Structure formats: structure tokens, C-alpha cells
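# Breakdown of the fold
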Amino acid sequence: MLSQVMGLPEAQRQSVLLVYVEGYSYKDAAEIMEIPIGTVMSRLAAARRVITSSMPTEVSAGATVGEGTGT
């Protein structure tokens, strides 16, 4: 999964690292990146789609990366 994260566009990768790796809330990540919280949420949703689409079907069907994190 690390290779998929590192392959994300910079903005998505930074959002993923701040929220899912460093443990910042969406609000705190938005303040750090100086962007609206909605943009953080959009970037994370896009990153989850990319990451889960590259997973085997049996894994991605039952799991959502970061579900319920950061709010």
C-alpha cells in the first residue's frame, strides 16, 4: 500500500500522510495545508479510490481505507 500512497499526486499524498499516518484531524490538516476542510475531504476520497482500485477485489470489497477517521 505504501507504493500506492507514494504514487499519489502530491496534494493527495500530503493529505493522506497528515490524516492517516500522522493522525491529524481533517480540520488540523486543512489548517496546516492552508486549504478548506472540504478540500482535504475531497483529496482523501480521491486517494482512497485510487488505493482501493489497485487492491485485489476480495480486499477492496470489504474495506475502506481510513473510514471514520479524523472528524
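Residues numbered from 1 in each chain as written. Predicted model: local features only at pLDDT ≥ 70, side-chain atom pairs only at ≥ 80, totals over all residues. Heavy atoms only, no water.

## Some points on the overall build of the chain
- In terms of helices and strands, the chain carries five helices and zero strands.
- Secondary structure elements of the chain, listed N to C terminal, follow the sequence α-α-α-α-α.
- Taken over 71 residues, the chain has a buried fraction of 32%.
- Taking contacts inside the chain between residues at least 6 apart in sequence as the whole, the part at least 24 apart equals 43%.
- When the accessible surface of the chain is totalled, it reaches about 4400 Å², and 55% of it is carbon and sulfur. (Helix = DSSP H or I, 4+ residues; strand = E, 2+ residues; numbered from the N terminus. Buried < 20%, exposed > 50% of the residue type's maximum accessible area, 1.4 Å probe, protein only. Contact = heavy atoms within 4.5 Å. Areas by Shrake-Rupley, 256 points an atom, 1.4 Å probe, with all protein chains shown as cover.)

## Quick look at unusual backbone geometry
- Positive phi, normally seen in glycine, also occurs at E34, with a value near 55 degrees.
- Within the secondary structure layout, E34 lies in the loop between α3 (26–33) and α4 (37–53).

## A closer look at the nonpolar core
- Membership of the largest hydrophobic core comes to 15 residues, with the highest contact counts inside it found for L8, V16, V19, A29, M33, V40 and L44.
- Where this core is concerned, the elements lending two or more residues are α2 (10–21), α3 and α4.
- For M33, the residues in contact, after removing those within four places along its chain, are Q14, S15, L18, V40 and R43. (Core = buried A, V, L, I, M, F, W, Y, C linked by side-chain atoms within 4.5 Å.)

## A few points about α2
- Buried within α2 we find Q12, R13, S15, V16, L18 and V19.
- Taken together, the buried residues of α2 touch α1 (2–6), α3 and α4.
- G23 sits one or two residues past α2 and shows a positive phi near 85 degrees.

Nothing here speaks to function; it is all geometry.
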